[in-house]
Amino acid sequence: MKSIGIIKKLSAIILTVTLMFCMFSLCGCIDRANDYTESEHIQRVTNLAKKRYIQENTPYSDLHVYPLYNKNDKLEYFLIEMEPYGYDYIKLHDNDFGHSLYTRNASNNWPWARYVVEIGSWAYLKDDNGIIRDFKDRRWTELDENNDPIIYKCSHFKAADIQDERRYLLDVEQGNEYGYMPAIKRNGRYLNLLSMDYMDYNYSVDTKKWPIAGIGSFEPTHLLDL
């Protein structure tokens, strides 16, 4: 009986040591965001983006990657600006456990138009397939000669001709609506690049107040790995 007890204890010790070894080995294989500098992240995102987007069967001839900062002035996203048109927003995760460090957003980055929030109004937009999409509580602010909204197929930053200023992607919760606002900061205030209006930004507000971009979630899954 004593020998059986000793065997059980030895088995438990061996199992514990084995599990600890596996955990340490796994941790050693995990990439972490703080293992890389900002310039290294930009190069890694550039390399991955070119593998994905610069193909013979895609319309893109080149791309450029820019860092995007959150409300705490911390690097959290990247903008991929394609040539001659197109863009994508990428989220940087703390580590790549079960997914990539870099996640694409879940939307197709629809062509977009400038607007302001106007509660009770409806705005309409015809897409490239001729399908009319409707949007509640918004009013287009840039119209062409046919009174249709001017459509952009580049990023909000390129449309605003942003050059050397720090780029932001601000998350916001407005009532029951969650989204992101591309922005820059001038004289201590954020300029919303959808409306081109300055705003006194707060993460959470009770009702719709600011226009948000059509950016989907950044769910950390292999399906959305860059």
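Reference entry: report on the structure contained in this document. (Residues numbered from 1 in each chain as written. Predicted model: local features only at pLDDT ≥ 70, side-chain atom pairs only at ≥ 80, totals over all residues. Heavy atoms only, no water.)

Next up on the list: the overall build of the chain. In terms of helices and strands, the chain carries three helices and 11 strands. In the chain, the order of α-helices and β-strands from amino to carboxyl end is α-α-β-β-β-β-β-β-α-β-β-β-β-β. Contacts spanning at least 24 positions in sequence make up 53% of the contacts within the chain whose residues lie at least 6 apart. Of the roughly 13,500 Å² of accessible surface on the chain, 52% is carried by carbon and sulfur atoms. (Helix = DSSP H or I, 4+ residues; strand = E, 2+ residues; numbered from the N terminus. Contact = heavy atoms within 4.5 Å. Areas by Shrake-Rupley, 256 points an atom, 1.4 Å probe, with all protein chains shown as cover.)

Moving on, we come to the nonpolar core. Grouped together as the largest cluster of nonpolar side chains are 54 residues, with contacts concentrated most on Phe 78, Ile 80, Tyr 89, Tyr 102, Phe 157, Leu 170 and Met 181. Leaving out residues up to four positions away in the same chain, Tyr 102 has contacts with His 41, Arg 44, Val 45, Leu 48, Phe 78, Ile 90, Lys 91, Leu 92, Leu 224, Asp 225 and Leu 226. (Core = buried A, V, L, I, M, F, W, Y, C linked by side-chain atoms within 4.5 Å. Buried < 20%, exposed > 50% of the residue type's maximum accessible area, 1.4 Å probe, protein only.)

To continue, consider the environment of Leu 191. Looking at the element boundaries, Leu 191 is found in strand 9 (residues 189–192). Taking relative accessible area as the criterion, Leu 191 reaches 4% and is therefore assigned buried. When the C-alpha positions of Leu 191 and Tyr 168 are compared, they lie 9.7 Å apart, and in sequence the two are 23 residues distant. Apart from residues no more than four positions distant in its own chain, Leu 191 is found in contact with Pro 182, Ala 183, Ile 184, Arg 186, Met 196, Asp 197 and Tyr 198.

Throughout the structure, instances matching the rule amount to 12 salt bridges. The partner of Arg 44 in a salt bridge is Asp 31, and the shortest N-O contact between them spans 3.3 Å. Here Asp 31 lies in the loop between helix 1 (2–29) and helix 2 (38–53) and Arg 44 lies in helix 2, a separation of 13 residues in the sequence. Given a relative accessible area of 26%, Arg 44 falls into the partly exposed group. (Salt bridge = Lys/Arg side-chain N within 4 Å of Asp/Glu carboxyl O.)

With 16 residues, helix 2 ought to run about 22 Å at 1.5 Å a step, and its terminal C-alpha atoms sit 22 Å apart, in line with that. Listing the buried residues of helix 2 in full gives His 41, Ile 42, Val 45, Thr 46, Ala 49 and Tyr 53. Summarising the axial view, the buried residues of helix 2 lie within an arc of 135°, below the 170-degree limit, and thus occupy one face. Looking at the buried residues of helix 2, the elements they touch are strand 1 (62–69), strand 2 (75–83), strand 3 (87–92) and strand 4 (102–104). (Expected span 1.5 Å × (residues − 1). Arc of directions from axis to C-beta.)

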